[in-house]
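Geometric and topological summary
Residue strings, one per chain:
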Amino acid sequence: MIELRNVRKAFSGREVLKGINVTFEKGKTNLIIGQSGSGKTVLLKSIIGLHEIDDGQILFDNRDFTHMRNRDRKKIRQEFGMVFQGGALFDSATVEENVMFSLNMFTDKTYEEKLDRVNFVLKRVNLVNVNHLYPSEISGGMQKRVAIARAIALNPRYLFCDEPNSGLDPKTGIVIDNLIREITEEYNITTIVNTHDMNSVTEIGDKILYLYLGEQNWVGNKDEIFSSGSEQLDNFVFATTLMRRIKSNFK
Amino acid sequence: MKLLTHFGRYYMLMAKTFAKPQKNSIYFKQTIKEIDKLGINSIGIVFIISVFMGAVITLQTRYNLENPLIPLYLVGLTARDTMILEFSSTIVGLILAGKVGSNIASEIGTMRVTEQIDALEIMGINSASYLIFPKIIAAIFINPFLNILSMFVGIAGGWVAAVSSGALSTADYLYGIHYAFIPYYIVYSMVKTVVFAFIITSVPAYHGFYVKGGALEVGKASTKGVVYSSILILLFNVIITQLMLAK
Ligand SMILES: Nc1ncnc2c1ncn2[C@@H]1O[C@H](COP(=O)(O)OP(=O)(O)OP(=O)(O)O)[C@@H](O)[C@H]1O
Ligand SMILES: [Mg+2]
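Notes on the structure in this doc start here. (Residues numbered from 1 in each chain as written. Chains lettered and ligands numbered in written order. Predicted model: local features only at pLDDT ≥ 70, side-chain atom pairs only at ≥ 80, totals over all residues. Heavy atoms only, no water.)

**A word on the layout of surface pockets**
Empty space among the atoms can be located by rolling a probe the size of a water molecule over them. Its volume calculated, the largest pocket comes out at about 1,300 Å³. Around the largest pocket sit 35 residues that line it, and K16, R112, E121, S127 and F209 of chain B are the ones nearest its centre. Mapped onto the lining of the largest pocket, the elements with two or more residues apiece are α2 (70–77) of chain A together with α1 (2–17), α4 (73–113) and α5 (116–122) of chain B. No other element matches the six residues that α2 of chain A contributes to the lining of the largest pocket. Residue classes in the lining of the largest pocket are distributed as eleven nonpolar, nine polar and 15 charged. Estimates place the volume of the second largest pocket at around 870 Å³. (1 Å grid on protein atoms, 1.4 Å probe; cavity = no way out; pocket = protein on both sides within 12 Å on 5 of 7 lines; lining within 4 Å. Points joined across faces, edges and corners; volume = space filled by probe spheres on them. Helix = DSSP H or I, 4+ residues; strand = E, 2+ residues; numbered from the N terminus. Nonpolar A, V, L, I, M, F, W, Y, C, P; charged D, E, K, R; others polar.)

Next comes the structure, spelled out in structure tokens:
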């Protein structure tokens, strides 16, 4: 469980997060949605401590991360898995070395045991026979999946994904979404996913936070989202002709 | 004022870099890799410039000696002392600042702008230490060998030039390079090399580590890393010389 209390963040005087209060639950895929520039990435990076917040508090299972010493933060971070918007794979390392990285750093397993684990998570994201390729030698979608494999290699308690399926075709996108949801439920982890993809929203949105220009506009789930009563959210949800057609068919 | 902020940030980065390593075996492996990348890969360039500089110093010294009263062995002596005192430490240092420094700044800078450093931090890894510490240690370890290589190759280059051009006999040259040899000069040269190794790795690493933006800024950081490490090398050259050679 990750709890945000009145989280605020500004860059040189310009407020990007204007007081976020929300609880992200364990064993569920929690989504942060909103238009491009609404503050999703900044919020996610604030949660994991890559941005220091200006005000408020963030708690990981009741542990106050915001006012924690760096040394203790590092311990909690070993329970994190993060998929960056751009993948952030180590480009001088092969796929296998990327996924094995945290195992090398934080476990004393033998190479065979580590390799077993690497192959297991790679298979989990449907990647086989790519162990010895470099990130530049695989497609964008494959890079995303390697990033997910790397994030879950150490069995994280908290998983963060910044637009895991942007740039992917809808079908591969859904495969990745479902994968994230399965992992979340299987290992009972707290997952937060940034997305502006309506497919993801309707597919895996157990809990949804809608950001509008840095403000917390609406919180709910995928079943409530079509009747939120928020004008801004309706504009976001029914932005495309496709969604508008579906809506009119329902009525 | 800006200089002060730079100095403060650099100092903080070094404090992070020299924090206790999180896992010795991994740091050891990284250091070996860096020795290969920063040291072994530089042997070629150090070899080539040293041979030619040794040759040129020898020929120039010889052709400038017009007074028949000055003994010819001074040519060998000059070549030797120039290599030991200045060339193999300072000039090689400047050249490595260009080669190794730009490499380090752009590697770390690229990792910064593509969020690879953030990814390390999020895993709970001390990214500064993981990325920079092995480079500094590797350079401090391997650069003295490059220095020695440069001295030998430079002096040998001088000999080849002297003999093959007929400017000087082997006997005169050999007598010169043995004449009034001061072992302390080697110590002085080594001290400089180690200090320069630290500058060449840590200063570009600093510029790479704090890059903001994209590929363009990485390029700028790389240039800055080279320029500032070169300036610092020249500055410390004077300081160390004053400390170690002043009578
Ligand atoms: N490091 C930074 N310094 C200054 N401003 C920033 C910084 N990072 C983000 N911002 C600003 O914060 C706002 C929110 O950006 P953010 O990256 O969170 O958007 P986003 O919702 O993730 O968008 P997208 O869907 O396009 O990824 C933007 O206006 C951006 O300009
Ligand atoms: Mg974003």
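**Describing the packing of helix α6 (residues 127–165) of chain B against helix α8 (residues 184–209) of chain B**
All names here are of chain B. The N-to-C vectors of α6 and α8 enclose an angle of 145 degrees; their axes lie 8 Å apart at closest approach. The way α6 lies across α8 gives a crossing that is right-handed. Touching S127, A128, I132, K135, I136, A139, I140, N143, P144, N147, I148 and M151 of α6 are I186, S189, M190, T193, V194, A197, F198, I200, T201, S202, A205 and F209, all from α8. Class assignment for the residues of the contact of α6 with α8 results in 16 nonpolar, seven polar and one charged. (Axes fitted to C-alpha atoms, helices over the stretch in contact; angles between N-to-C directions. Left-handed = near helix turned anticlockwise from the far one by under 90°. Contact = heavy atoms within 4.5 Å.)

**Section: unusual backbone geometry**
One non-glycine residue with positive phi stands out, namely L213 of chain A, at about 50 degrees. The residue L213 of chain A is located in the loop between β9 (207–212) and β10 (215–220) in this model. Among the residues examined, L213 of chain A registers a relative accessible area of 55% and is labelled exposed. Backbone geometry places A180 of chain B, a non-glycine residue, at a positive phi of 45 degrees. Tracing the chain through its elements places A180 of chain B in the loop between α7 (170–178) and α8. (Buried < 20%, exposed > 50% of the residue type's maximum accessible area, 1.4 Å probe, protein only.)

**So, the site of ligand 1**
Residues and elements named next belong to chain A. Around ligand 1, the surrounding shell holds 14 residues, and the nearest of these are S36, G37, K40, T41 and E163. At a separation of 2.8 Å, an oxygen atom of ligand 1 approaches a polar backbone atom of G37. For ligand 1, an oxygen atom lies 2.8 Å from a polar atom in the side chain of K40. Alone, ligand 1 offers 640 Å² of accessible surface; in the complex the protein occludes 64% of this. Of all the elements in the fold, those that place two or more residues in the shell around ligand 1 are β2 (14–24) and α1 (40–47). (Near = heavy atom within 4 Å. Polar contact = N/O pair within 3.5 Å; in protein donor to acceptor, adjacent residues only side chain to side chain. Areas by Shrake-Rupley, 256 points an atom, 1.4 Å probe, with all protein chains shown as cover.)

**So, the coordination of the magnesium ion (ligand 2)**
Taken together, T41 of chain A (OG1) and Q85 of chain A (OE1) make up the full set of protein donors to the magnesium ion (ligand 2), lying 1.9 to 2.5 Å away. In this pair, T41 of chain A is assigned in helix α1 and Q85 of chain A in the loop between β6 (80–83) and α3 (95–106), connecting sequence segments 44 residues apart. (Donors = N, O, S within 2.8 Å, 3.2 Å for Na, K, Ca; no water.)

**Observations regarding the side chain of S228 of chain A**
Residue and element names in this part refer to chain A. Inspection of the secondary structure puts S228 in the loop between β10 and α8 (231–237). Among the polar contacts listed, one links the side chain of S228 to the backbone nitrogen of S230, at a separation of 3.2 Å. Here S228 is in contact with W218, L233 and D234, once residues within four sequence places are set aside.

**Digging into the pattern of salt bridges**
All names here are of chain B. Evaluated as defined, the whole model comprises 23 salt bridges over all chains. With a shortest N-O distance of 3.8 Å, K37 and E34 are connected by a salt bridge. Highlighted residues: K37 and E34, both in helix α2 (residues 24–39), separated by three residues, approximately one helical turn. Among the residues examined, E34 registers a relative accessible area of 5% and is labelled buried. Linking K37 and E107 is a salt bridge whose minimum nitrogen-to-oxygen distance equals 3.0 Å. (Salt bridge = Lys/Arg side-chain N within 4 Å of Asp/Glu carboxyl O.)

**A look at the sheet that holds β2 of chain A**
The four strands are arranged β2-β1-β4-β5 (chain A) in an open sheet whose pairing can be described as antiparallel. The outermost strands of the open sheet, each flanked by one partner alone, are β2 and β5 (63–64) of chain A. (Pairing = 2+ DSSP bridges.)

**Focus: α1 of chain A**
Residue and element names in this part refer to chain A. Taking burial as the measure, the eight residues of α1 include seven buried ones, the bulk of the element. All buried positions along α1 are accounted for by K40, V42, L43, L44, K45, S46 and I47. Immediately beyond the C-terminal end of α1, within one or two residues, lies G49, with a positive phi of roughly 90 degrees.

**Concerning the sheet that holds strand β3 (residues 29–33) of chain A**
All names here are of chain A. Within the open sheet, the six strands sit side by side as β6-β7-β8-β3-β9-β10. Their pairing is mixed. Edge positions in the open sheet fall to β6 and β10, since each of these has one partner strand only. In this sheet, neighbouring strand axes are inclined to one another by 15 degrees on average, regardless of whether the strands run parallel or antiparallel. Pairing analysis gives five bridges linking β9 to β10, with the strands arranged antiparallel. Looking at β10, one finds that I208 is bridged to G220.

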